[in-house]
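# Examination of the molecular architecture
Spelled out from the first residue to the last, the chains are:
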Amino acid sequence: MRRWYKYLDPVTLLLWLLLTGVGLTAIYSATHGEAQEFLLESVQFNFERQSMWLGICCGAMIVILLTPLRLLVQLTPWIYTATIVLLLVALLVGREVSGARSWVVIGPFGFQSSELAKIGAVLAIAMTLSVRMPSQVLPKGAILLAVTLLLLPAALIILQNDTGTALVFVALIPVMLFWGGLSLSAIALLASPVIVAYLTILHLPTAIGFALLLTFAFYFGTRSLGWTLSAGAVAGSTIGLSSFALYQVLHPHQVARILSFANPEAVEYRSGVGFHLLQSKAAIGSGGLFGQGFMQGNQTQGRYIPEQSTDFIFSVIGEEWGLAGSLVVLFLFAGLIIRLIWIASQINHPYGSLVAAGTAGIILIHVCINVGMVLGLLPVIGIPLPFLSYGGSALLTISVLIALALNMYARRAEFSIYYI
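Rules used throughout
- Residues numbered from 1 in each chain as written.
- Predicted model: local features only at pLDDT ≥ 70, side-chain atom pairs only at ≥ 80, totals over all residues.
- Heavy atoms only, no water.
- 1 Å grid on protein atoms, 1.4 Å probe; cavity = no way out; pocket = protein on both sides within 12 Å on 5 of 7 lines; lining within 4 Å.
- Points joined across faces, edges and corners; volume = space filled by probe spheres on them.
- Helix = DSSP H or I, 4+ residues; strand = E, 2+ residues; numbered from the N terminus.
- Nonpolar A, V, L, I, M, F, W, Y, C, P; charged D, E, K, R; others polar.
- Core = buried A, V, L, I, M, F, W, Y, C linked by side-chain atoms within 4.5 Å.
- Buried < 20%, exposed > 50% of the residue type's maximum accessible area, 1.4 Å probe, protein only.
- Contact = heavy atoms within 4.5 Å.
- Pairing = 2+ DSSP bridges.

## Here we look at the layout of surface pockets
Roughly 280 Å³ of volume is contained in the second largest pocket. Around the second largest pocket, the lining residues are Ala60, Ile64, Leu72, Leu75, Ile79, Thr83, Leu116, Ile119, Leu123, Leu396, Val400 and Leu404. If you list the elements that add at least two residues to the lining of the second largest pocket, you get α3 (46-66), α4 (69-93), α5 (113-128) and α16 (392-410). The element that contributes the greatest number of residues to the lining of the second largest pocket is α4, accounting for 4 residues. By residue class, the composition of the lining of the second largest pocket is 11 nonpolar, 1 polar and no charged.

Structure below.
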């Protein structure tokens, strides 16, 4: 009998361990030293709580790795259903933290339901898109069901007032469908609203120009009237919906967070969210090539950086470790994402392959949004940096997903028995 534990991927485990170690180090610096006296008492113990959560993650990963593959497949619908129920519970009776009602509290223990929903979503989409053989075209029914399974938790999370986390589910749609076998034309059409919406925020005429260019590109690339009209309709509706949302739907503070990244020094922003962005960029800029040293950053220890142990933890790394340290961290993320994609390519069955690819996609989405946000390239929407930002629920979610990918890689020979 094949001893599955001999086939665990040590590279992925090492990268996970290194990134969690970097996270604990950065959180300690952001919550101790001179900075400690400026922090709320609850924030001062973020390092201790994150260390406790790391222990919980280790236990959860061991349980996942010991779980038979067949049981994981059978539990997938129930796991997805449970995460949807948790989202509803949080929405109805959950605790509100930082304006988002996404926390479920049981006694002294609390967790963020929107984070755990990512596990259920990845597993459910992997099962949904596993209905075809590798040589078959992805059925339209499976595509529609997969999109619905991702949009349902996204809608509930938006109702919880956590738009940033909801965007992760939406961004996961083209990632999962691409790995599931959808054509590049369809993926480009699905991904185009992100670019169009971004350009609409920056400069409306540029967004209109890009929409026209996209339409012509689809025409010359596909020679299909249907694809061309679809591209034009998607781009045009994205411009209209983005403009309508900015000026008619979103609250003023939400609009300020979205628009301020383009010009944080503007009079209407520089005393609020623009000030936070300026401090974040100042911290990264002051780090220079090799940084100011561990617990020596002026911005960090002076508590000028907002949410410095959570959403803006990368600015702490930039200030204390400099450009060299920041690049090392980004290379670790790149290494982990590439390794997960490699694992996905080694699993012949689409279920396991999609779980590994979905895990890589979630990490990539988080890293791109968070680092872009900290550097002032994207709006501040409250997305944590995996492994590094303080947050037990987020750490547990990514760790469990990695354990699931490792389990399916180690037991990949069993997939010939357990077809879905």
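## A few points about the nonpolar core
Counting 105 residues, the largest nonpolar core has Leu177, Ile363, Phe387 and Leu388 as its most contacted members. A per-element tally of this core places helix α15 (residues 350-374) first, with 14 residues. Non-local contacts of Phe387, meaning those with residues more than four positions away in its chain, are made with Trp16, Leu19, Thr20, Gly23, Phe333, Leu336, Ile363, Leu395, Ile398 and Ile402. Counting 10 residues, the second largest nonpolar core, distinct from the first, contains Leu199, Leu214, Ala231 and Ile239.

## Concerning the pairing of strand β2 (residues 100-106)
Here strand β1 (residues 95-97) pairs with β2 via 2 bridges, running antiparallel. Of the residues in β2, the one forming a bridge with Val97 is Ala100. Two successive antiparallel strands, β1 and β2, enclose a turn made up of 2 residues, where Ser98 displays a positive phi of approximately 55°. Sheet analysis places β2 next to strand β3 (residues 109-112), joined by 4 bridges and oriented antiparallel. Pairing of Ile106 across the sheet is with Phe109, part of β3. The loop that links β2 with its antiparallel partner β3 comprises 2 residues; one of these, Gly107, has a positive phi angle of about 65°.

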